[in-house]
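Listed below, chain by chain, are the residues.
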Amino acid sequence: MFAEVSALLAPLAAAIGYSSYKARQFEYAYPNIGELTDVGGYRMNAVHIERPENADLPALVFIHGASGNLLDQVVAFRAALEGRAEMLFVDRPGHGYSERGGPDNAVPSGQADAIARLMERRGIERAVIVGHSFGGAITAAFALRHPDKTSGLLFLAPATHPWPGGIDWYYHVATVPVLGWLFNHAIVVPLGLRRVERGTLNIFRPNPRPADYIEKTGPSLVLRPNAFHSNADDFKRLLAYVKEQSPLYARITAPTVIITGDSDEIVWEHLHSRGLARDITGSELITVRGVGHKPDYLATDVAIAAIERIAGKPRDLQAIARRAEERLAAASRDHTVATVASPRPGILRGA
């Protein structure tokens with residue numbers, strides 16, 4: 001009997017050991033570049049860029065999407081905005097290097113409150129809140145719960161409204177007691193490592209993923225057991241949350257811009273972005289043709305112009321979006337020309 005039990009447990013123990021080893025490797029490859037701050041019994045991680053002397057923009061708070069961490073928005077925006085604004089790039093509770101905190105942080109309202117407390121600890125009174133994807137739900141929650149701290153809102157391919165269907169099976173498994181612990185500690189790493197490449201390509205589709213995106217943004221950090229559990233818990237609760245909260249968006253009064261791609265297969269723009277534009281009076285919807293789920297990378301110039309517009313600067317965002325489309329179309333044509341001689345013509349489909 002002992003031998004039979006050992007034969008069953010040995011592979012499981014090996015898988016847990018391998019996953020623990022890989023988790024340490026992920027952290028070695030992507031060390032924390034932020035600073036941990038106590039926000040009331042747990043610590044939030046963030047990169048804080050102090051207000052520069054000649055700042056011409058209000059403070060900016062960046063909220064990353066699902067399965068991500070603050071590096072995603074740091075890479076997209078920091079260099080382009082350096083010297084223009086105070087910036088706070090946040091690891092959401094339970095993601096990146098932030099601790100999870102209590103059960104309130106399993107829904108966007110709790111995460112919005114955590115970010116508000118972090119702003120207070122960092123001496124930021126008001127800011128333009130910039131949220132990508134899942135971060136859009138938290139951005140909307142922030143505007144509803146902390147209007148006094150909200151200078152404006154920029155939604156980037158936001159997930160904010162109810163959608164038909166559900167979520168991937170592994171998010172359900174990851175949150176089940178006992179079995180979920182085993183799944184997160186033994187299965188997620190080997191399963192997830194095979195999906196990182198395809199998953200990051202999919203979030204940029206139909207656009208090409210930047211060649212150094214994985215190297216710079218550390219998507220494998222979400223495969224660590226606690227981070228994966230937090231991510232799954234977020235996903236599991238989002239649909240019920242937005243069903244309850246989306247009718248309240250009409251109360252939002254902050255200056256608002258929504259930027260989306262018309263080719264987003266991750267978060268459908270006709271449900272979420274158009275829904276926000278309908279619900280928030282005075283908001284402006286910018287749809288960039290040919291762009292998928294990553295307007296923060298593909299249309300960064302449009303996003304920065306939107307921040308400037310929110311700050312009161314005259315900007316024709318529709319015209320700027322059309323120029324971005326021309327730039328992307330030209331880049332796509334150049335890529336197509338460069339790959340015509342390839343013996344694998346199927347790769348042109350994603351050009």
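Read on for an overview of the structure.

Rules used throughout
Residues numbered from 1 in each chain as written. Predicted model: local features only at pLDDT ≥ 70, side-chain atom pairs only at ≥ 80, totals over all residues. Heavy atoms only, no water. Axes fitted to C-alpha atoms, helices over the stretch in contact; angles between N-to-C directions. Helix = DSSP H or I, 4+ residues; strand = E, 2+ residues; numbered from the N terminus. Parallel < 35°, antiparallel > 145°, perpendicular 65-115°, else oblique. Left-handed = near helix turned anticlockwise from the far one by under 90°. Contact = heavy atoms within 4.5 Å. 1 Å grid on protein atoms, 1.4 Å probe; cavity = no way out; pocket = protein on both sides within 12 Å on 5 of 7 lines; lining within 4 Å. Points joined across faces, edges and corners; volume = space filled by probe spheres on them. Nonpolar A, V, L, I, M, F, W, Y, C, P; charged D, E, K, R; others polar. Phe/Tyr/Trp six-rings, centres within 6.5 Å; stacked < 30°, edge-to-face > 60°. Buried < 20%, exposed > 50% of the residue type's maximum accessible area, 1.4 Å probe, protein only. Lys NZ or Arg CZ within 6 Å of the ring centre and 35° of its normal. Pairing = 2+ DSSP bridges. Right-handed = clockwise from strand over helix to strand, strands pointing away.

## Here's the deal with the packing of helix 2 (residues 71–81) against helix 12 (residues 300–310)
Then step 1. Packing of helix 2 against helix 12 leaves a shortest axis separation of 11 Å and a crossing angle of 60 degrees. When the interaxial angle is binned, helix 2 and helix 12 end up oblique. The hand of the helix 2/helix 12 crossing is right-handed. Residue-level contacts link Ala76, Phe77, Ala80 and Leu81 of helix 2 to Thr300, Ala303, Ile304 and Ile307 of helix 12.

## Describing the layout of surface pockets
Then step 1. The volume enclosed by the largest pocket comes to roughly 1400 Å³.
Then step 2. Around the largest pocket sit 48 residues that line it, and Ser67, Tyr171, Ile203, Phe235 and Ile266 are the ones nearest its centre.
Then step 3. Broken down by secondary-structure element, the contributors of at least two residues to the lining of the largest pocket are helix 5 (169–174), helix 6 (179–193), helix 7 (196–204), helix 8 (213–217) and helix 9 (225–245).
Then step 4. For the lining of the largest pocket, the leading source of residues is helix 7, giving six residues.
Then step 5. Grouping the constituent residues of the lining of the largest pocket by class yields 24 nonpolar, 17 polar and seven charged.

## Comments concerning the packing of aromatic side chains
Then step 1. Tallying each qualifying case throughout the model produces 13 aromatic pairs.
Then step 2. An angle of 40 degrees between the planes, with centres 6.4 Å apart, marks the rings of Tyr170 and Phe228 as tilted. Taken together, the residues span a long stretch of sequence, with Tyr170 in helix 5 and Phe228 in helix 9 at a distance of 58 residues. You'll find Tyr170 and Phe228 in the same group, each marked buried.
Then step 3. The rings of Phe134, Trp169, Tyr170, Tyr171, Phe183, Phe228 and Phe235 are connected pair by pair, giving a single aromatic cluster.
Then step 4. When the ring centre of Tyr97 is taken as reference, the NZ or CZ atom of Arg224 above it lies at 5.2 Å.

## Let's talk about the pairing of strand 3 (residues 60–63)
Looking along a regular strand, one sees the side chains alternate between the two faces of the sheet.
Then step 1. Residue alternation in strand 3 divides its side chains into two sets, Leu60 and Phe62 and Val61 and Ile63, and both sets are buried.
Then step 2. Sheet topology note: the strand 3/strand 4 (residues 87–90) ladder contains four bridges and is parallel. The residue bridging Phe62 from the neighbouring strand is Phe89, located in strand 4.
Then step 3. Crossover connection from strand 3 via helix 2 to parallel strand 4: handedness right-handed.
Then step 4. The pairing of strand 3 with strand 5 (residues 127–132) spans four bridges and is classified as parallel. Pairing of Ile63 across the sheet is with Gly131, part of strand 5.

## Observations concerning the sheet that holds strand 2 (residues 43–49)
Then step 1. Taking strand neighbours across the sheet as the criterion, the eight strands line up as 1-2-4-3-5-6-7-8 in an open arrangement whose pairing is mixed. At either margin of the open sheet sits one strand with a lone partner, and together these are strand 1 (35–38) and strand 8 (284–288). Direction aside, the axes of adjacent strands within the sheet are offset by 25 degrees on average.
Then step 2. Two strands pair when backbone bridges link them, and strand 1 and strand 2 are joined in this way by four bridges, in the antiparallel orientation. Residue pairing across strands places Thr37 opposite Met44, the latter belonging to strand 2.
Then step 3. With respect to the sheet, helix 12 is in contact with strand 3, strand 5, strand 6 (150–156), strand 7 (256–261) and strand 8, its orientation differing from that of strand 6 by roughly 160 degrees.

## Considerations on empty space enclosed by the protein
Then step 1. In the structure shown here, the tally under the stated rule is one cavity of 30 Å³ or more.
Then step 2. Roughly 50 Å³ of volume is contained in the largest cavity.
Then step 3. For the largest cavity, the full set of lining residues is Tyr30, Pro31, Asn32, Ile33, Asn45, Asn69, Leu70, Leu71, Asp91, Tyr97 and Leu221.
Then step 4. Looking at side-chain class alone, the lining of the largest cavity contains seven nonpolar, three polar and one charged residues.

The quantities given are spatial measurements derived from coordinates; they are silent on function.
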